[in-house]
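The lines below spell out each chain.
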Amino acid sequence: MSLSIFNAFKHLTTHTSKQQRCYSFDAANLARIQEITDSNTLSHYFEADHKRLDLFAEQFSHYLMILPQLASRYFTAFAQGLTAHIVAEETVLFPFFEEKTGLQQGPTVTMRQEHQQIITILSLISEKLAQQHYQIAAEYNQLNQLLARHNKREENILYPMLDQHSNDQEKAELFLKLFEATALPHCGPCAAN
(Lines give C-alpha, C1' and ligand atoms only; values in the text may rest on other atoms or scores of the structure.)
Protein backbone atom coordinates (compact mmCIF):
# COMPACT_ATOMS: atom_id res chain seq x y z
CA MET A 1 0.00 0.00 0.00
CA SER A 2 1.55 3.28 -1.14
CA LEU A 3 1.16 6.43 0.91
CA SER A 4 3.06 8.60 -1.51
CA ILE A 5 -0.04 10.22 -3.01
CA PHE A 6 -1.43 10.83 0.47
CA ASN A 7 1.85 12.33 1.67
CA ALA A 8 2.01 14.57 -1.38
CA PHE A 9 -1.61 15.60 -0.80
CA LYS A 10 -0.91 16.35 2.86
CA HIS A 11 2.15 18.40 1.90
CA LEU A 12 0.13 20.41 -0.63
CA THR A 13 -2.63 21.20 1.85
CA THR A 14 -0.20 22.03 4.66
CA HIS A 15 1.84 24.46 2.57
CA THR A 16 -1.05 26.33 1.00
CA SER A 17 -2.55 29.46 2.52
CA LYS A 18 -5.78 28.91 4.46
CA GLN A 19 -7.22 31.84 2.53
CA GLN A 20 -6.92 29.74 -0.63
CA ARG A 21 -8.70 26.76 0.89
CA CYS A 22 -12.37 26.70 1.83
CA TYR A 23 -12.42 23.42 3.73
CA SER A 24 -10.62 21.89 6.68
CA PHE A 25 -8.71 18.65 6.80
CA ASP A 26 -9.25 17.39 10.33
CA ALA A 27 -8.21 13.88 11.40
CA ALA A 28 -11.40 12.26 10.05
CA ASN A 29 -11.09 13.99 6.68
CA LEU A 30 -7.41 13.10 6.42
CA ALA A 31 -8.19 9.46 7.23
CA ARG A 32 -10.78 9.37 4.44
CA ILE A 33 -8.38 11.04 2.01
CA GLN A 34 -5.66 8.57 2.95
CA GLU A 35 -8.07 5.70 2.25
CA ILE A 36 -8.93 7.19 -1.14
CA THR A 37 -5.33 7.80 -2.14
CA ASP A 38 -3.98 4.49 -0.79
CA SER A 39 -5.27 2.79 -3.93
CA ASN A 40 -2.72 4.87 -5.87
CA THR A 41 -5.20 5.36 -8.72
CA LEU A 42 -7.72 7.91 -9.87
CA SER A 43 -9.67 4.98 -11.32
CA HIS A 44 -10.41 3.65 -7.84
CA TYR A 45 -11.74 6.98 -6.62
CA PHE A 46 -14.01 7.67 -9.59
CA GLU A 47 -15.27 4.11 -9.97
CA ALA A 48 -16.16 4.14 -6.26
CA ASP A 49 -18.07 7.37 -6.84
CA HIS A 50 -19.96 5.72 -9.72
CA LYS A 51 -20.96 2.92 -7.34
CA ARG A 52 -22.05 5.42 -4.66
CA LEU A 53 -24.23 7.23 -7.18
CA ASP A 54 -25.64 3.90 -8.41
CA LEU A 55 -26.79 3.17 -4.84
CA PHE A 56 -28.74 6.45 -4.69
CA ALA A 57 -30.31 5.64 -8.07
CA GLU A 58 -31.27 2.15 -6.92
CA GLN A 59 -32.93 3.53 -3.79
CA PHE A 60 -34.78 6.11 -5.88
CA SER A 61 -36.02 3.41 -8.23
CA HIS A 62 -37.01 1.13 -5.34
CA TYR A 63 -39.08 3.75 -3.51
CA LEU A 64 -40.59 5.59 -6.49
CA MET A 65 -43.92 3.75 -6.51
CA ILE A 66 -44.22 3.02 -2.79
CA LEU A 67 -42.85 6.17 -1.08
CA PRO A 68 -42.48 8.81 -3.80
CA GLN A 69 -41.44 11.61 -1.42
CA LEU A 70 -38.59 9.48 -0.07
CA ALA A 71 -37.71 8.53 -3.64
CA SER A 72 -37.52 12.22 -4.52
CA ARG A 73 -34.98 12.78 -1.74
CA TYR A 74 -32.85 9.93 -3.08
CA PHE A 75 -33.09 11.41 -6.56
CA THR A 76 -31.99 14.80 -5.24
CA ALA A 77 -28.94 13.19 -3.59
CA PHE A 78 -28.24 11.30 -6.81
CA ALA A 79 -28.59 14.41 -9.01
CA GLN A 80 -26.45 16.57 -6.72
CA GLY A 81 -23.76 13.89 -6.48
CA LEU A 82 -23.76 13.28 -10.22
CA THR A 83 -23.57 16.99 -10.94
CA ALA A 84 -20.57 17.36 -8.59
CA HIS A 85 -18.98 14.34 -10.27
CA ILE A 86 -19.45 15.95 -13.70
CA VAL A 87 -18.07 19.30 -12.48
CA ALA A 88 -14.98 17.53 -11.11
CA GLU A 89 -14.40 15.72 -14.38
CA GLU A 90 -14.93 18.73 -16.62
CA THR A 91 -12.95 21.25 -14.58
CA VAL A 92 -10.11 19.00 -13.38
CA LEU A 93 -9.79 15.62 -15.09
CA PHE A 94 -10.60 16.46 -18.69
CA PRO A 95 -8.18 19.42 -18.95
CA PHE A 96 -5.42 17.32 -17.32
CA PHE A 97 -6.17 14.40 -19.64
CA GLU A 98 -6.11 16.61 -22.74
CA GLU A 99 -2.87 18.29 -21.67
CA LYS A 100 -1.09 15.02 -20.87
CA THR A 101 -2.27 13.02 -23.89
CA GLY A 102 -2.53 15.83 -26.44
CA LEU A 103 -5.98 14.47 -27.38
CA GLN A 104 -7.99 17.68 -27.62
CA GLN A 105 -10.53 16.03 -29.94
CA GLY A 106 -10.45 12.62 -28.23
CA PRO A 107 -12.84 10.87 -25.86
CA THR A 108 -13.43 13.96 -23.71
CA VAL A 109 -15.39 15.60 -26.54
CA THR A 110 -17.92 12.76 -26.52
CA MET A 111 -17.96 12.66 -22.72
CA ARG A 112 -18.72 16.39 -22.50
CA GLN A 113 -21.61 15.95 -24.95
CA GLU A 114 -22.93 13.08 -22.85
CA HIS A 115 -22.60 15.20 -19.71
CA GLN A 116 -24.86 17.81 -21.31
CA GLN A 117 -27.42 15.13 -22.14
CA ILE A 118 -27.21 13.77 -18.58
CA ILE A 119 -27.75 17.24 -17.06
CA THR A 120 -30.73 17.84 -19.37
CA ILE A 121 -32.40 14.57 -18.35
CA LEU A 122 -31.63 15.15 -14.65
CA SER A 123 -33.27 18.58 -14.88
CA LEU A 124 -36.33 17.17 -16.61
CA ILE A 125 -36.79 14.44 -14.00
CA SER A 126 -36.19 16.92 -11.16
CA GLU A 127 -38.86 19.25 -12.53
CA LYS A 128 -41.37 16.42 -12.81
CA LEU A 129 -40.64 15.22 -9.28
CA ALA A 130 -40.97 18.77 -7.92
CA GLN A 131 -44.46 18.84 -9.44
CA GLN A 132 -45.16 15.41 -7.89
CA HIS A 133 -45.42 13.91 -11.36
CA TYR A 134 -44.01 10.42 -10.93
CA GLN A 135 -44.53 9.02 -14.45
CA ILE A 136 -40.90 9.30 -15.45
CA ALA A 137 -40.07 5.78 -16.66
CA ALA A 138 -39.08 6.87 -20.18
CA GLU A 139 -36.74 9.62 -18.96
CA TYR A 140 -35.25 7.45 -16.24
CA ASN A 141 -34.61 4.56 -18.65
CA GLN A 142 -32.96 6.95 -21.09
CA LEU A 143 -30.76 8.28 -18.27
CA ASN A 144 -29.79 4.78 -17.15
CA GLN A 145 -28.84 3.69 -20.67
CA LEU A 146 -26.79 6.85 -21.21
CA LEU A 147 -25.01 6.50 -17.86
CA ALA A 148 -24.22 2.81 -18.47
CA ARG A 149 -22.45 3.63 -21.76
CA HIS A 150 -20.83 6.75 -20.37
CA ASN A 151 -19.51 5.16 -17.18
CA LYS A 152 -18.15 2.17 -19.10
CA ARG A 153 -16.24 4.51 -21.42
CA GLU A 154 -14.82 6.45 -18.47
CA GLU A 155 -13.86 3.32 -16.52
CA ASN A 156 -12.30 1.54 -19.52
CA ILE A 157 -10.63 4.48 -21.29
CA LEU A 158 -10.42 7.77 -19.42
CA TYR A 159 -9.55 6.75 -15.86
CA PRO A 160 -6.90 4.13 -16.79
CA MET A 161 -5.27 6.59 -19.19
CA LEU A 162 -5.23 9.24 -16.44
CA ASP A 163 -3.49 6.79 -14.12
CA GLN A 164 -0.94 5.90 -16.80
CA HIS A 165 -0.14 9.53 -17.60
CA SER A 166 0.21 10.85 -14.03
CA ASN A 167 2.77 10.39 -11.28
CA ASP A 168 2.04 10.44 -7.54
CA GLN A 169 2.63 14.19 -7.20
CA GLU A 170 0.28 14.93 -10.11
CA LYS A 171 -2.38 12.63 -8.66
CA ALA A 172 -2.12 14.41 -5.31
CA GLU A 173 -2.52 17.76 -7.05
CA LEU A 174 -5.52 16.41 -8.97
CA PHE A 175 -7.16 15.20 -5.76
CA LEU A 176 -6.67 18.63 -4.21
CA LYS A 177 -8.17 20.31 -7.29
CA LEU A 178 -11.08 17.85 -7.15
CA PHE A 179 -11.84 18.86 -3.58
CA GLU A 180 -11.62 22.53 -4.57
CA ALA A 181 -13.88 22.04 -7.62
CA THR A 182 -16.66 20.51 -5.54
CA ALA A 183 -16.30 22.65 -2.38
CA LEU A 184 -19.34 24.64 -1.33
CA PRO A 185 -19.13 28.36 -2.13
CA HIS A 186 -19.90 29.46 1.46
CA CYS A 187 -18.32 27.15 3.97
CA GLY A 188 -18.10 28.67 7.39
CA PRO A 189 -15.41 30.87 8.87
CA CYS A 190 -13.14 30.84 5.81
CA ALA A 191 -15.84 32.53 3.72
CA ALA A 192 -15.24 35.71 5.73
CA ASN A 193 -11.49 35.77 4.90
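What you see is a predicted model; the values in this text were computed from it and never measured. (Residues numbered from 1 in each chain as written. Predicted model: local features only at pLDDT ≥ 70, side-chain atom pairs only at ≥ 80, totals over all residues. Heavy atoms only, no water.)

1. Looking at helix 3 (residues 42-63)
Here comes step 1: Counted at 1.5 Å a residue, the expected span for helix 3 with its 22 residues is 32 Å, and the 32 Å between its end C-alpha atoms agrees.
Here comes step 2: Residues Leu42, Ser43, Tyr45, Phe46, Asp49, His50, Leu53, Ala57, Phe60 and Tyr63 constitute the buried set of helix 3. (Helix = DSSP H or I, 4+ residues; strand = E, 2+ residues; numbered from the N terminus. Expected span 1.5 Å × (residues − 1). Buried < 20%, exposed > 50% of the residue type's maximum accessible area, 1.4 Å probe, protein only.)

2. Quick word on empty space enclosed by the protein
Here comes step 1: The tally for this structure, following the rule as stated, stands at 1 cavity of 30 Å³ or more.
Here comes step 2: Put simply, the largest cavity is a space of about 50 Å³.
Here comes step 3: At the level of secondary structure, the elements contributing two or more residues to the lining of the largest cavity comprise helix 3, helix 4 (68-101) and helix 6 (137-164).
Here comes step 4: Ranked by residue count, the leading element in the lining of the largest cavity is helix 3, at 3 residues. (1 Å grid on protein atoms, 1.4 Å probe; cavity = no way out; pocket = protein on both sides within 12 Å on 5 of 7 lines; lining within 4 Å. Points joined across faces, edges and corners; volume = space filled by probe spheres on them.)

3. Observations concerning the confidence of the model for the chain
Here comes step 1: Looking at the chain, pLDDT values average 79 and 74% of them are 70 or higher.
Here comes step 2: Mean pLDDT across the elements of the chain ranges from a minimum in helix 1 (residues 4-14), with 44, to a maximum in helix 5 (residues 107-130), with 95.
Here comes step 3: Across residues 1-26, confidence stays below pLDDT 50; counting only partners more than four residues off in sequence or on other chains, it has 54 contacts.
Here comes step 4: Residue range residues 184-193 is modelled with pLDDT below 50. Its contacts to residues more than four positions away, or to other chains, number 8 contacts. (pLDDT = per-residue confidence, 0-100. Contact = heavy atoms within 4.5 Å.)

4. Brief notes about the pattern of salt bridges
Here comes step 1: Within this structure, the stated rule accounts for 5 salt bridges.
Here comes step 2: The partner of arginine 52 in a salt bridge is aspartate 49, with the nearest N and O atoms 2.7 Å apart. Remark: aspartate 49 and arginine 52 occur in helix 3; sequence separation between them is 3 residues, near one turn of the helix.
Here comes step 3: Between glutamate 98 and arginine 112 there is a salt bridge, with its nearest N and O atoms 2.6 Å apart. Separated by 14 residues along the polypeptide, glutamate 98 in helix 4 and arginine 112 in helix 5 bring together distant segments of the chain.
Here comes step 4: Owing to a relative accessible area of 9%, glutamate 98 belongs among the buried residues under this scheme. (Salt bridge = Lys/Arg side-chain N within 4 Å of Asp/Glu carboxyl O.)

5. Thoughts on helix 5
Here comes step 1: Taking 1.5 Å per residue, 24 residues should reach 34 Å; helix 5 reaches 34 Å between its end C-alpha atoms and fits that length.
Here comes step 2: Residues Pro107, Thr108, Met111, Glu114, His115, Ile118, Ile121, Leu122, Ile125, Lys128 and Leu129 constitute the buried set of helix 5.
Here comes step 3: The elements touched by buried residues of helix 5 are helix 3, helix 4 and helix 6.
Here comes step 4: Backbone geometry just after helix 5 places glutamine 132 at a positive phi near 55°.

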